[in-house]
Amino acid sequence: SQELEQSPQSLIVQEGKNLTINCTSSKTLYGLYWYKQKYGEGLIFLMMLQKGGEEKSHEKITAKLDEKKQQSSLHITASQPSHAGIYLCGAEISGGYQKVTFGTGTKLQVIP
Amino acid sequence: NAGVTQTPKFQVLKTGQSMTLQCAQDMNHEYMSWYRQDPGMGLRLIHYSVGAGITDQGEVPNGYNVSRSTTEDFPLRLLSAAPSQTSVYFCASSYDLTGANNYGYTFGSGTRLTVV
């Protein structure tokens, strides 16, 4: 079973609409990363959250880590075609060896 | 700075062939890792290294070898390619294990490998 579950798996929204992607773990997250990937390209780092309740924003993208540090959400406001791609969450789940585990990704399409 | 450079970008192998995927970073990062990305599976860790001369297995290490003779390079070797190794491979590096420098992990652009 996947240690990090992302939902939804895919999303099609109309330009200008808001959307939210969730990343859930059954274990405590020690550092949660959000990445964006365009088809055929590498991953682009968006932001990192470490503290329970932490929230960060970059342009129209906001990410939050809940108080219990077991779920994160990525919210895009007024989506644009440039937001299209695959969004991946990654986290250090086991504090011992600090290896990053990734979710399965959420494919976002934005229709003009 | 080039960041993380992976070569080749594309490769087709026949079953049983061996090859090395190259990964180099010029950021003096201590931590480097290899992932494979498959549809519906996300990114899975193959091997990682916390510094020159130190490597360890990740989630799916079978069929792959790595070495870290320098800080800059972290090649991934496929010993005897199998169709199950058809995937997109990503190399990543970070300044420290936690990515606490707030730049997270820097990824290469990937190598698309097909084994026929």
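Residues numbered from 1 in each chain as written. Chains lettered and ligands numbered in written order. Predicted model: local features only at pLDDT ≥ 70, side-chain atom pairs only at ≥ 80, totals over all residues. Heavy atoms only, no water.

### Digging into the overall build of chain B
Here is the rule: Numbering of helices and strands runs from the N terminus; a helix is a DSSP stretch of H or I covering at least four residues, while a strand is a stretch of E covering at least two. We compute the radius of gyration from the C-alpha atoms alone; for a globule the expected value is 2.2 Å times N to the 0.38, where N is the number of residues. Buried residues are those whose accessible area, probed at 1.4 Å on protein chains only, stays under 20% of the maximum for their type, while exposed residues exceed 50% and partly exposed ones sit between those limits. In what follows, residue pairs with any heavy atoms lying within 4.5 Å of each other are defined as contacts. Accessible surface is estimated by sampling points in the Shrake-Rupley manner with a 1.4 Å probe; for residues, cover comes only from the protein chains shown. Only four residue types enter the charge count: Lys and Arg as positive, Asp and Glu as negative, with His and the chain ends excluded. All charge positions are set by atom: Lys at NZ, Arg at CZ, Asp at CG, Glu at CD.
Summing up its helical and strand segments, chain B has 0 helices and 11 strands in all. For a compact globule of 116 residues, the expected C-alpha radius of gyration is about 13 Å, and chain B comes in at 13 Å, within 12% of that figure. With the principal axes as the frame, chain B shows a C-alpha extent of 40 × 30 × 25 Å. The 116 residues of chain B split such that 47% are buried. Restricting to contacts in chain B with at least 6 residues of sequence separation, those with at least 24 account for 54%. Within the structure as shown, chain B displays about 5,200 Å² of accessible surface, and the carbon and sulfur contribution to it stands at 52%. Across chain B, 7 positive and 8 negative side-chain charges occur, with their mean positions spaced 14 Å apart.

### Some remarks on the pattern of salt bridges
Residue and element names in this part refer to chain A. Rules: The term salt bridge refers to a side-chain nitrogen of Lys or Arg lying within 4 Å of a carboxyl oxygen of Asp or Glu.
Taken as a whole, this structure holds 5 salt bridges over all chains when the rule is applied. The salt bridge involving glutamate 3 is made with lysine 27; its shortest N-O contact spans 3.3 Å. Placement of glutamate 3 in the segment before β1 (4-7) and of lysine 27 in the loop between β3 (19-25) and β4 (32-37) is noted, with a sequence separation of 24 residues between them. According to the relative accessible area criterion, glutamate 3 is partly exposed, its value standing at 36%. A salt bridge links lysine 56 to glutamate 54, with the nearest nitrogen and oxygen atoms 3.7 Å apart. On the basis of relative accessibility, which here comes to 26%, the residue lysine 56 falls in the partly exposed class. By relative accessible area, glutamate 54 is classed as buried at 19%.

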